[in-house]
Amino acid sequence: MSRSRQPPLVTGISPNEGIPWTKVTIRGENLGTGPTDLIGRGSVQNFTGSHCELPNMTVSSLGLTICGHNCLLTAEWMSASKIVCRVGQAKNDKGDIIVTTKSGGKGTSTVSFKLLKPEKIGILDQSAVWVDEMNYYDMRTDRNKGIPPLSLRPANPLGIEIEKSKFSQKDLEMLFHGMSADFTSENFSAAWYLIENHSNTSFEQLKMAVTNLKRQANKKSEGSLAYVKGGLSTFFEAQDALSAIHQKLEADGTEKVEGSMTQKLENVLNRASNTADTLFQEVLGRKDKADSTRNALNVLQRFKFLFNLPLNIERNIQKGDYDVVINDYEKAKSLFGKTEVQVFKKYYAEVETRIEALRELLLDKLLETPSTLHDQKRYIRYLSDLHAPGDPAWQCIGAQHKWILQLMHNCKEGYVKDLKGSPGLHSPMLDLDNDTRPSVLGHLSQTASLKRGSSFQSGRDDTWRYKTPHRVAFVEKLTKLVLSQLPNFWKLWISYVNGSLFSETAEKSGQIERSKNVRQRQNDFKKMIQEVMHSLVKLTRGALLPLTIRDGEAKQYGGWEVKCELSGQWLAHAVQTVRLTHESLTALEIPNDLLQTIQDLILDLRVRCVMVTLQHTAEEIKRLAEKEDWVVDNEGLTSLPCQFEQCIVRSLQSLKGVLECKPGEASVFQQPKTQEEVCQLSINIMQVFIYCLEQLSTKPDADIDTTHLSVDVSSPDLFGSIHEDFSLTSEQRLLIVLSNCCYLERHTFLNIAEHFEKHNFQGIEKITEVSMASLKELDQRLFENYIELKADPIVGSLEPGIYAGYFDWKDCLPPTGVRNYLKEALVNIIAVHAEVFTISKELVPRVLSKVIEAVSEELSRLMQCVSSFSKNGALQARLEICALRDTVAVYLTPESKSSFKQALEALPQLSSGADKKLLEELLNKFKSSMHLQLTCFQAASSTMMKT
């Protein structure tokens, strides 16, 4: 066959790449003179007339090939420079466009076409073109293990090249325990999938993958509209084809006997359908049954969470995994709470039944006592998440309040029964350190024990606890109990107020309702705290201050039936215990108005402690008389004044902590009544000691133990005043007591007043004034008794001594010296001096001045009673009076001087100088002869007499 034209030349194709069945436009030169000029076109036309030459033609002789695939069937010749066709399934990814014509032969191409691999279209996906089903695998025979049968997975969801990692499947399963790399699984792990398929993929490719995912998501969201837009050209072609068929049928004219073409086509299709149904009815029936079974299994697999949930709830409740139960329940409620499927409704009802049982179980655990704050918060949060009816948190607060009150009363009953000696009852005191409940103030017992040991308990050992009075031990246990329970109770309320008891979801949903409840509950909770404080104070008062509770409350809060009162030391310890309790409760930020009753209790305990301590101090001082050892020091004092002062100092020192005002406390002496009582008790202490001194001064000799008597060894008259048996006379006792009185007046009482002032006692001036007055009264009385004992014998011996031997002032010999009666009187006075000097040097001027007053007064009386004196008698009288006066001149008082003057005035005056000279010689002779005896009267002029 001769060719008169040039070979075809393809110079362009649009588009130059695409998937199979993409419609392309081919442009070039010499592409044929018409549709029949393309090689193979005639053979194709003859194919319908049973003259088929196409099968015998090679690919190279076909009229139009793209990438080696024959596209002549879809080719539409438009002109010698343009052909439109669709690209078919080709083996080569890229190739030339070859046009072969009868007039020009086989052509060439200057361009190429790139064939893209089409995305796999699932059997349920929409497509605008015909899909060759032969190229797709059967999902029923080519599914992987663990993938649901109806899940049709795209091979590459990210749309980028897959690069398998080198990690073993076993390592990945260990790393992502319980997860899966299958993106259709419920436990899909994106990290696992990326490690397994894209471990070496660059960041840019991953960004491209994100773009692909977004595009796929948008495509699915657009639905049918996107499908129509994507296949719009296909719809237009289909419309054109249908219009052409319709025109062909109208041009056909009259119908034949067999009917129109469409009727024939319908009949053929119906027969084909019936034949197919007959052939595949059994197969399709089995397929439907298998599909039903598969669907049922898929439903069970898909909703196995709901079907297994009742059993899982029971198992998790038994294990205590309430969080898992609540999470599963919330998930089931969100998925199936409003379902209309009967099966789901039935199983969900079972779930609700078990959740209701869980609510009851959690509520019982919440109200169970004892329980820690952590468990209470946990159960309340669980009940809140489960939307339990009512207000479980407030129910817990109410139960905790009742339990605390019950514990307090049980504690009191246990100690009361133990005090009464109930058989078989374990001593509560033995459990003071065995309470395993958490305590906010763990240092309470330690601090109290240290305070106790340092203040009044010496050498504390393991037996100390058993010596603790029951009432004190009860207060310790009661406060420890309150401090171990009330902080958690208060914190539970604070958590209830601020909403931290509830989960975030429950808090958001019930915030408004809960805020209303809080406002309503505030007054109720305040009453609860007040009731706890009221019980604490009343029980403590019943144990320590039973007289401060009313008769109607004595049975409930008292009942101790003890006769002896607690000592001041134990009351001080109780004050310290209650103070620590108040400090601990204040640290919880409990309002002060709720703790005012405790402050009042502390004040009453402090006042009572002061009163009892002063009373016991008076009793102790009353027993000091038994401890008098009569051992006299250099100053003429025994240890009694020092013991008295030390006793009071110890008493005040034990009250130091009680008298100190802690923050928020009032002074013990703020009430006038308390001031008056304390002042009176202090005066009573002083007067008790003064009474002890009086008893000691008048004690019979037989009751005095003097075997250990000691005196001042520095006294020059020691051996002249102590007998061999060291017996202590009543006069010596009087002197010792007088010496003690003097020291008390000058030192001890003033020191005690300073101690009272240091401890903020009130009415110190009154205490000192009354005590001093009583002491001076006793001193004066004892002094007069002693002077009476010592002066009366001396005074009584003067008159008989003067007139001894029938002496007569009218008729007597010239004087030769001082007569013996005066010397005897002086020796007796010296004996008094020695006795007083042995006990106390300071008492000597006071005693001797009084004795000399009595002697001078008697001597003046005797002189005034003489009717007349002779010259010798007057000289003798003047000699004796002057001798006595000059000897005791140091101890003369105005009264004694006046007496001596009166005595001398009663005598006649000396008329001659010889008499005066004789008088002077005789006086000097007397003083010289009795120089040794009269040395005691030659004291320094600085020693003043005490009147």
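Residues numbered from 1 in each chain as written. Predicted model: local features only at pLDDT ≥ 70, side-chain atom pairs only at ≥ 80, totals over all residues. Heavy atoms only, no water.

A word on the overall build of the chain. A count of helices and strands for the chain gives 30 helices and 11 strands. Buried positions account for 42% of the 947 residues belonging to the chain. Long-range pairs, those at least 24 residues apart, make up 75% of the contacts in the chain between residues at least 6 apart in sequence. Accessible area for the chain stands at about 53,500 Å²; split by element, carbon and sulfur atoms hold 53% of it. (Helix = DSSP H or I, 4+ residues; strand = E, 2+ residues; numbered from the N terminus. Buried < 20%, exposed > 50% of the residue type's maximum accessible area, 1.4 Å probe, protein only. Contact = heavy atoms within 4.5 Å. Areas by Shrake-Rupley, 256 points an atom, 1.4 Å probe, with all protein chains shown as cover.)

Per-residue confidence for the chain gives a mean pLDDT of 76; residues scoring 70 or more make up 79%. Predicted confidence is poor over residues 135-152, with pLDDT under 50, and the contacts of this stretch with residues over four places away or in other chains come to 22 contacts. (pLDDT = per-residue confidence, 0-100.)

Under the criterion given, the structure shown has 22 salt bridges. Notably, a salt bridge pairs Asp291 with Arg294, separated by 2.6 Å at the nearest N-O pair. Separated by three residues within a single helix, Asp291 and Arg294 lie in helix H7 (residues 261-302), roughly one turn from each other. With respect to class, Asp291 is no different from Arg294; both count as buried. Across the pair Arg359 and Glu356 runs a salt bridge, and its minimum N-O distance is 2.8 Å. On the criterion of helical spacing, the pair formed by Arg359 and Glu356 is a turn pair, its members being three residues apart in helix H10 (residues 342-367). Take Glu356: its relative accessible area is 33%, and that puts it in the partly exposed class. Here the salt bridges do not stand alone but share partners, grouping Lys287, Asp291 and Arg294 into one network. (Salt bridge = Lys/Arg side-chain N within 4 Å of Asp/Glu carboxyl O.)

As a further point, take the nonpolar core. Ranked by internal contacts, the top residues of the largest apolar core, which has 195 residues, are Met408, Phe644 and Met863. For this core, the two domains that each supply at least three residues are domain 2 (291-367) and domain 3 (804-930). Grouped together as the second largest cluster of nonpolar side chains are 20 residues, Leu38, Cys67, Cys85 and Ala90 included. (Core = buried A, V, L, I, M, F, W, Y, C linked by side-chain atoms within 4.5 Å. Domains from an automatic or database assignment.)

Glancing now at the packing of aromatic side chains. Going through the model one piece at a time under the given rule, you end up with 15 aromatic pairs. Geometrically, the ring pair formed by Phe807 and Trp809 is edge-to-face, given 4.8 Å between the ring centres and 90° between the ring planes. Here Phe807 and Trp809 have matching classes, each one buried. Put simply, the rings of Phe307, Phe336, Phe344 and Tyr347 pair up and form one aromatic cluster. (Phe/Tyr/Trp six-rings, centres within 6.5 Å; stacked < 30°, edge-to-face > 60°.)

To continue, consider the sheet that holds strand E7 (residues 82-86). Here five strands make up an open sheet; going across it, the order is E6-E7-E3-E1-E10 and the pairing mixed. The outermost strands of the open sheet, each flanked by one partner alone, are strand E6 (76-79) and strand E10 (108-109). Where strand E1 (residues 9-14) meets E10, two bridges bridge the pair, whose relative direction is parallel. Following the sheet pairing, Leu9 is matched in E10 by Thr108. (Pairing = 2+ DSSP bridges.)

Another point: the environment of Asn156. By secondary structure assignment, the location of Asn156 is in the loop between strand E11 (112-115) and helix H2 (169-175). The class for Asn156 is partly exposed, based on a relative accessible area of 23%. For the pair Asn156 and Asn197, spaced 41 residues apart in sequence, the C-alpha to C-alpha distance is 9.6 Å. Those residues in contact with Asn156 that sit more than four places away from it in its chain are Glu161, Ile162, Tyr193 and His198.

Mapped onto the elements of the fold, Ser899 is located in helix H29 (residues 894-905). Take Ser899: its relative accessible area is 11%, and that puts it in the buried class. Aside from chain neighbours lying at most four places away, what touches Ser899 is Ser856, Glu857 and Ser860.

Contact geometry of helix H26 (residues 820-839) with helix H28 (residues 871-887) gives a least axis separation of 10 Å together with a crossing angle of 15°. Here H26 is positioned roughly parallel relative to H28, judged by the angle of their axes. As for how H26 packs across H28, the hand of that crossing is right-handed. Facing Tyr821, Leu822 and Leu826 of H26, the residues of H28 in contact are Glu880, Ala883, Leu884 and Thr887. (Axes fitted to C-alpha atoms, helices over the stretch in contact; angles between N-to-C directions. Parallel < 35°, antiparallel > 145°, perpendicular 65-115°, else oblique. Left-handed = near helix turned anticlockwise from the far one by under 90°.)

This paragraph deals with the packing of helix H20 (residues 640-654) against helix H22 (residues 672-697). Closest axis-to-axis distance for the H20/H22 pair is 12 Å, and the angle between their directions is 160°. Classified by the angle between their axes, H20 and H22 sit roughly antiparallel to one another. Helix-helix and strand crossings are classified by hand; for H20 and H22 the assignment is right-handed. Two secondary-structure elements touch here, H20 through Leu640, Pro641, Phe644 and Ile648 and H22 through Ile685, Met686, Phe689, Leu693 and Leu696. For the contact of H20 with H22, the per-class residue count stands at nine nonpolar, no polar and no charged. (Nonpolar A, V, L, I, M, F, W, Y, C, P; charged D, E, K, R; others polar.)

Note the cis peptide between Ser14 and Pro15, where omega equals -5°. Secondary-structure assignment places Pro15 in the loop between E1 and strand E2 (17-18). Even without a glycine there, the phi angle at Trp21 is positive, about 75°. With respect to the helices, strands and loops of the structure, Trp21 is situated in the loop between E2 and strand E3 (23-29).

All right, on to the pairing of E1 then. Regular strands place their side chains on alternate faces of the sheet. The pairing of E1 with E3 spans five bridges and is antiparallel. Note on E3: the bridge partner recorded for Val10 is Gly28.

The residue Gly796 is located in helix H25 (residues 764-802) in this model. Accessibility expressed as a relative area gives 46% for Gly796, which makes it partly exposed. Separated by 59 residues in sequence, Gly796 and Val855 have C-alpha atoms that sit 9.1 Å apart.

Judged by side-chain polarity, Leu279, Phe280, Val283 and Leu284 come together as a nonpolar surface patch covering roughly 380 Å² of accessible area. Position of Phe280 among the secondary structure elements: in helix H7. Owing to a relative accessible area of 45%, Phe280 belongs among the partly exposed residues under this scheme. (Patch = residues over 30% accessible without salt bridge, like charges linked within 9 Å, V, L, I, M, F, W, Y side chains within 5 Å.)

Before going further, it helps to spend a moment on the pairing of E11. Side chains Phe113 and Leu115 project from E11 onto a buried face, and the interleaved Ser112 and Lys114 project onto a face without burial. In this structure, E2 lies alongside E11, joined through two bridges in parallel fashion. Of the residues in E11, the one forming a bridge with Gly18 is Leu115. Both strand E8 (residues 94-101) and E11 contribute to a ladder of three bridges, which runs antiparallel. Residue pairing across strands places Gly95 opposite Phe113, the latter belonging to E11.

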